[in-house]
Amino acid sequence: MTVLLSVQGLTKQFGGLQALTQITFDLPQGQILGLIGPNGAGKTTLFNVINGVYHPEVGRIIFRDKDVTGMKSYDLAHMGMARTHQIVRPLNELTVRENVMVGACFGRENHNLGKAAGIADEVLGFVGLDSRADQMAGSLNVAQKKRLEMARALAAHPYLLLLDEVLAGLNPSEIDGMVQTVRKIREQGITIIMIEHLMKAMMNVSDRIIVLDYGEQIADGTPHEIANNPRVIEAYLGDSSLANQLLEEE
Amino acid sequence: MKQLKSIGLWVSLLAVAALGIGPIANHSASLRETIYIIMQVIVLAASLNILLGFTGYVSFGHIVFFGLGGYVGLYLINAQDWPLWSAALAGGLASGLLAFLLGKAILRLRGAYFALATIGINEAVRAFTNNFDPFGGPIGMTLNFKVYNSYGGAANALWMAYYAVFAIALLAVVLNFVVKNSKFGLGLMAIREDEGAAEVMGVITPNAKTWAFVLSAILPGIVGTLFFFKNGHIEPGDAFRLDYSIEMLVIVMLGGQGSVLGPILGAAGYEGLRNYLLTSPLFKNIQLSVAGALLLVIVLFIPAGAVGWLRRRVPIFGKVLA
Ligand SMILES: Nc1ncnc2c1ncn2[C@@H]1O[C@H](COP(=O)(O)OP(=O)(O)O)[C@@H](O)[C@H]1O
Ligand SMILES: [Mg+2]
């Protein structure tokens, strides 16, 4: 199995706050890696460091056999990395189609406008936003904006997709739809790292799970191993509902 | 969709053409002078629109490109005997070069810091011309009257400058349309909406912003040369007027930033208002206060400008107005 992404000893500080400590893992191509942990554990920060929004103080990131530590997020986009944002960032005064075209035009494949419009319509159909294509992105509701984030990322036809809480705030039927969508994305051969709080969905869909707590990587294993790991259960004890969800899985 | 978009272009071009034909049809020199200024303002506003309307960066000192173009062009005509057309082109390129050199440095600043930096640059270039002897220092440069002879005399030269500014106004409108409907323009609008998100999607923001800045500087440089050629004289105080810079902003916002028709409506509307104010004894001395008040009203009540307002009121305009 070829390794698509290798994260080696990443450390990130904000002032005195140790947001990430020595994060290390290899992600083989085609897997779905789940990233869980209590609020403030550093999950989003790890995404920000992997895709070049922030640069780590220590550690290296190897993507497709190239050391990309310190590269800009647009360089990483060109190399085939795409992401969604936990707090959605729609381009409000552009149409939904134009939002997605940005991903297709400037991402890995660098398409012209005509080709990008075609890809946008295809991807919007895939995430179920085709009827909204000509609407301004600012007029969508939150669930639709989450789908738009996903569509923009997919339009780049990335090798690696970083999904930051795309299920948060969705109702159960929307969640089922989104989980199906994630599975279909993986079937297209796209490698995924997924941050999520919903344990059930995570256990279902992930090949492997990493748990962060206070910026430290406290566990790394199959969903089954994670659910039985005492450190993980302990980390979640502060958050009893999550702990219960986790235990329910067994 | 495509056809509707190009209707918007034709509406805009027709509007400029309708304005521009008047003086030619009437052979009226006084009307020509009025419309000349409107054409020039259309060029300046449409150029600023690329930066302000498409990219979302507020430049308060944009007049620096007009002034610098004027200086470079007039110097080349006067001291180096360049023909007007090459001198104007060189004026435009000089302004574009200044924008290119400054772009990477100051386009890293956001919001008010960028706006302040542009004012600083205007003042710095003004101070430079004030002390630069080849440009005549504080006295500036006066065009050698003989120069007009190569253009069939002064009267003819004025008409020629008018045709040129008319053509450049049409060009500025086409440029706005082409940029807005290009991949480059999509990247600029993505930057305007959310620069961080644009970067994550792969827009090379430092380059895109720099080219937007360069594009917004070239035509002002060209019309700068034309204007001071017509004027016959240039000096620091006339070339780098901050009040004109602010009026440019008001005009773009009045017409509707980010639209192709906006700068045209804004230029015609604002200049019409200005001519009224100048002839009205009551307002004569407070036209800049009026511009300031107008800016406030626009920002508070019609942030999308006249074009945005029309689009909302009359749905068909939403599709047609580019
Ligand atoms: N830009 C930043 N500046 C300062 N602190 C930050 C910044 N981004 C995140 N943090 C802090 O880093 C910690 C981890 O945050 P985050 O990665 O968003 O957590 P998670 O996504 O796991 O909920 C939090 O304490 C947060 O306040
Ligand atoms: Mg987060």
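Source: prediction; values computed, not measured.

Rules and cut-offs
Residues numbered from 1 in each chain as written. Chains lettered and ligands numbered in written order. Predicted model: local features only at pLDDT ≥ 70, side-chain atom pairs only at ≥ 80, totals over all residues. Heavy atoms only, no water. Phe/Tyr/Trp six-rings, centres within 6.5 Å; stacked < 30°, edge-to-face > 60°. Buried < 20%, exposed > 50% of the residue type's maximum accessible area, 1.4 Å probe, protein only. Lys NZ or Arg CZ within 6 Å of the ring centre and 35° of its normal. Domains from an automatic or database assignment. Contact = heavy atoms within 4.5 Å. Salt bridge = Lys/Arg side-chain N within 4 Å of Asp/Glu carboxyl O. Polar contact = N/O pair within 3.5 Å; in protein donor to acceptor, adjacent residues only side chain to side chain. Helix = DSSP H or I, 4+ residues; strand = E, 2+ residues; numbered from the N terminus.

Chemist: How would you explain the packing of aromatic side chains if you had to name every residue and give the values?
Modeler: Residue and element names in this part refer to chain B. According to the stated counting rule, one finds 20 aromatic pairs over all chains in the structure shown. For the pair Phe-145 and Tyr-148, a centre-to-centre distance of 5.3 Å together with 90 degrees between the ring planes defines the contact as edge-to-face. The class of Phe-145 is exposed, set by a relative accessible area of 57%. With 6.4 Å between their ring centres and 55 degrees between their planes, Tyr-162 and Tyr-163 make a pair best called tilted. Taken together, the aromatic side chains of Tyr-71, Tyr-75, Phe-128, Phe-132, Phe-135 and Phe-240 make up a single cluster linked through ring pairs. When the ring centre of Tyr-36 is taken as origin, the NZ or CZ atom of Lys-230, which lies over that ring, is 4.4 Å away.

Chemist: Just give me the short version of the domain arrangement of chain A, but keep the residues and values in it.
Modeler: Residue and element names in this part refer to chain A. Along its sequence, chain A is organised into domain 1 (1-80 + 159-250) and domain 2 (82-158). The C-alpha-based centres of domain 1 and domain 2 are spaced at 23 Å. Domain 1 puts 28 residues into the contact, and the matching count from domain 2 is 17 residues. Counting the contacts that link domain 1 with domain 2 gives 0 salt bridges. Our count for the contact surface shared by domain 1 and domain 2 stands at 12 residue pairs in polar contact (both at pLDDT 80 or more). Elements with a minimum of two residues in the side of domain 1 that touches domain 2: helix H1 (43-50), helix H2 (73-79), strand E7 (160-164) and helix H6 (172-187).

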